[in-house]
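Architecture and fold: a report
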Amino acid sequence: MLEPLRQGLPPIDPSAVSGSATCTLPARYEAVGGARQFTRTTLSGWGLDERFDDVALVVSELVTNALRHALPAGTAPEPQEPPVRLHLMRWSSRLVCAVRDPSQESPVASEAPDSAESGRGLFLVESFSDSWGWHPSPAPGADHPNTAATPRGKVVWALFRLSDDV
């Protein structure tokens, strides 16, 4: 379950995962709306409707960044590998949203001029989540002991505390 993601988070007992959902997104900007709907449906099913606004804003920014920066114009993703995936994972006291994309470039938070129409995505992610980060994503089959783990893409994640018992 996204091992690189867990390596960057505070220790979590994997057996305490109470919910996990994944959505594959097409390489078009309309996918952001689909990611928000998937988030609404998933959070509602977990009884976390009150967290939707903050989580959906972060999901929208992470998916938009993945589509804008990880899928340059004219790049065709490999047919068997979906270009962008959204993962939502819930523990008793934490919720994590993670977006996997094919780019190996690290996300960079930058200051956008006041007049800029974009460039504040990671600032919003940092502001609305309790923490965020990213890790290279291993190539398929890298979990096998005799396979070299060549990075292939990345996972950008954001953590939300659901209670003060952390």
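Look above for the structure.
Residues numbered from 1 in each chain as written. Predicted model: local features only at pLDDT ≥ 70, side-chain atom pairs only at ≥ 80, totals over all residues. Heavy atoms only, no water.

**Description of the overall build of the chain**
For the chain, the helix and strand inventory stands at 4 helices and 5 strands. Written out in order from the N terminus, the α and β elements of the chain read α-β-α-α-β-β-α-β-β. The buried share of the chain, reckoned over its 166 residues, is 42%. Carbon and sulfur atoms make up 49% of the accessible area of the chain, which totals about 9100 Å². (Helix = DSSP H or I, 4+ residues; strand = E, 2+ residues; numbered from the N terminus. Buried < 20%, exposed > 50% of the residue type's maximum accessible area, 1.4 Å probe, protein only. Areas by Shrake-Rupley, 256 points an atom, 1.4 Å probe, with all protein chains shown as cover.)

**Regarding the nonpolar core**
Ranked by internal contacts, the top residues of the largest apolar core, which has 30 residues, are L25, V59, L62, V63, L86 and C97. Secondary-structure elements contributing two or more residues to this core are β1 (19-25), α2 (31-45), α3 (52-70), β2 (84-90), β3 (94-101), α4 (121-128) and β5 (151-161). The element that contributes the greatest number of residues to this core is α3, accounting for 9 residues. Counting residues in hydrophobic clusters, the runner-up holds 7 residues, among them M89, W91, V96 and W157. (Core = buried A, V, L, I, M, F, W, Y, C linked by side-chain atoms within 4.5 Å.)

**Overview of α4**
Within α4, the full set of buried residues consists of G121, L122 and V125. Down the axis of α4, the sector holding all buried residues measures 95°, keeping them to one side. (Arc of directions from axis to C-beta.)

**Description of the packing of aromatic side chains**
The relation between two aromatic rings is expressed through the spacing of the ring centres and the mutual angle of the planes. Tallying each qualifying case throughout the model produces 0 aromatic pairs. Above the face of the F52 ring, R40 is positioned so that its terminal group lies 3.9 Å from the ring centre. (Phe/Tyr/Trp six-rings, centres within 6.5 Å; stacked < 30°, edge-to-face > 60°. Lys NZ or Arg CZ within 6 Å of the ring centre and 35° of its normal.)

**With respect to the environment of P136**
Looking at the element boundaries, P136 is found in strand β4 (residues 131-138). With 36 residues separating them along the chain, P136 and R100 place their C-alpha atoms 9.3 Å apart.

**What about the pairing of β1?**
Residues G19, A21, C23 and L25 of β1 are buried on one face, while the alternating residues S20, T22 and T24, pointing to the opposite face, are not. Taken together, the 7 bridges between β1 and β2 define a ladder with antiparallel strand orientation. By the bridge assignment, T22 is partnered in β2 with H87. (Pairing = 2+ DSSP bridges.)

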